[in-house]
Amino acid sequence: MKWSLTLFFASALLFASAQLAGGEPRLVFSKSFPGSVPAFVKITLDKSGAVEYREAEDDDQPLKFQLTPAETETVFDLAAKVDYFKHPLESPLKVAFMGMKTFRWENGAEKTEAKFNYSADPNAQVLLDWCERMAESAQHRIDLERAAKYDRLGVVKALSLLESALERKRLVGLEQFLPILDRIAKNESYMHTARAQASEIAEAIRNPKP
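Draft legend 1. Structural context of the side chain of His-140. With respect to the helices, strands and loops of the structure, His-140 is situated in helix 3 (residues 122-150). Ignoring sequence-local partners within four residues, the contact set of His-140 consists of Leu-161, Leu-162, Ala-165, Leu-171 and Phe-177.

What follows is the structure, encoded as structure tokens:
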């Protein structure tokens, strides 16, 4: 009996280790830029499209949202085009410091990363823009939720900034905004202007123009 239990736990441990080693592929992006706001961001995107956004390395309550399958595929295709960061991305050109960025690829036991201030690689530039848009999307959501909770007079400003970002195509994972937009639109304690604006943005997300 004792031998059977030992064999059972050993098998369970081996299975768990195998699951961990074969974990879902994910892309990790971080940017450290002291003096900017925020001074640090970290984004983790896994193959299912789940995103976690942090503004501190030790943040144990990240903002979470979901990319669409098409958005996720685009980002992962770009990572493949940069060879999963197995080669340096830093440009030899002398440019102003724009924050230290890190692309990291994790796929089970495989882990590769590249750090850079500026990269001339066109695929790395497009991938960086996607990561920046994920960060901007999270920041707009944080600002809107904070205004909705603590600064009702500031909701119109937060909505205007969100609408501008949407029009400039700086937002991704658009469905993450619908719950807070719907709450504002239906809550009569907010100004009519805010409620109407929230409703219009939600409609634009649900029924985008061709």
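Structure's up, so let's keep going.
Draft legend 2. Quick peek at the nonpolar core. Phe-85, Leu-89, Phe-103, Leu-127 and Met-134 are the most contacted members of the largest nonpolar core, which has 30 residues in total. Of all the secondary structure elements, the ones that give two or more residues to this core are strand 1 (26-32), strand 2 (40-46), strand 3 (50-54), strand 4 (63-66), helix 2 (69-81), strand 5 (100-107), strand 6 (110-116) and helix 3. Beyond its immediate chain neighbours, meaning those up to four positions away, Phe-85 contacts Leu-27, Ala-79, Phe-103, Arg-104, Trp-105, Thr-112, Glu-113, Ala-114 and Leu-127. Of all hydrophobic cores here, the second largest spans 21 residues; its members include Leu-144, Ala-147, Ala-165 and Ala-202.

Draft legend 3. Molecular detail of the packing of helix 2 against helix 3. At a minimum axis distance of 9 Å, the contact between helix 2 and helix 3 shows a crossing angle of 145°. In this structure, the crossing between helix 2 and helix 3 has a hand that is left-handed. Residue-level inspection shows Glu-71, Thr-74, Val-75, Leu-78, Ala-79 and Lys-81 of helix 2 in contact with helix 3, the latter providing Asn-123, Val-126, Leu-127, Trp-130 and Met-134. Partitioning the contact of helix 2 with helix 3 into residue classes produces seven nonpolar, two polar and two charged.

Draft legend 4. Focus on the pairing of strand 1. Within strand 1, five of the seven residues are buried, which leaves it mostly tucked inside the rest of the structure. Bridge analysis of strand 1 against strand 2 gives seven bridges, and the strand direction is antiparallel. In the strand pairing of strand 2, Lys-31 is matched with Val-41. Note that strand 1 and strand 5 share seven bridges and pair antiparallel. Across the sheet, the residue bridging to Val-28 is Arg-104, located in strand 5.

Draft legend 5. A look at the sheet that holds strand 2. Taken together, the six strands give an open sheet; going across it, the order is 4-3-2-1-5-6, and neighbouring strands pair in antiparallel fashion. Unpaired on one side and paired on the other, strand 4 and strand 6 mark the two borders of the sheet. Between one strand axis and the next, the sheet turns by 15° as a mean value, whatever way the strands run. Direction of pairing for strand 5 relative to strand 6: antiparallel, over a ladder of seven bridges. Bridge assignment links Thr-102 to a residue of strand 6, and that residue is Lys-115. Along the sheet, helix 2 contacts strand 1, strand 2 and strand 5; its crossing angle with strand 2, the most-contacted strand, is approximately 105°. Packing against the sheet, helix 3 makes contact with strand 1, strand 2, strand 3, strand 4, strand 5 and strand 6, and its axis sits at approximately 120° to strand 4.

Draft legend 6. Region of interest: helix 2. A rise of 1.5 Å per residue sets the reference length of helix 2, with its 13 residues, at 18 Å; its end C-alpha atoms lie 18 Å apart and thus fit the reference within 8%. Within the sequence span of helix 2, burial applies to Glu-71, Thr-72, Val-75, Phe-76, Leu-78 and Ala-79. Projected down its long axis, helix 2 shows its buried positions confined to an angular sector of 155°, all on one face. The exposed residues of helix 2 that point more than 90 degrees off its buried face are Pro-69, Ala-70 and Lys-81. On the buried face of helix 2, the contacting elements are strand 1, strand 2, strand 5 and helix 3. Positive backbone phi, approximately 60°, marks Asp-83, located one or two places after helix 2.

Conventions we followed
- Residues numbered from 1 in each chain as written.
- Predicted model: local features only at pLDDT ≥ 70, side-chain atom pairs only at ≥ 80, totals over all residues.
- Heavy atoms only, no water.
- Helix = DSSP H or I, 4+ residues; strand = E, 2+ residues; numbered from the N terminus.
- Contact = heavy atoms within 4.5 Å.
- Core = buried A, V, L, I, M, F, W, Y, C linked by side-chain atoms within 4.5 Å.
- Buried < 20%, exposed > 50% of the residue type's maximum accessible area, 1.4 Å probe, protein only.
- Axes fitted to C-alpha atoms, helices over the stretch in contact; angles between N-to-C directions.
- Left-handed = near helix turned anticlockwise from the far one by under 90°.
- Nonpolar A, V, L, I, M, F, W, Y, C, P; charged D, E, K, R; others polar.
- Pairing = 2+ DSSP bridges.
- Expected span 1.5 Å × (residues − 1).
- Arc of directions from axis to C-beta.

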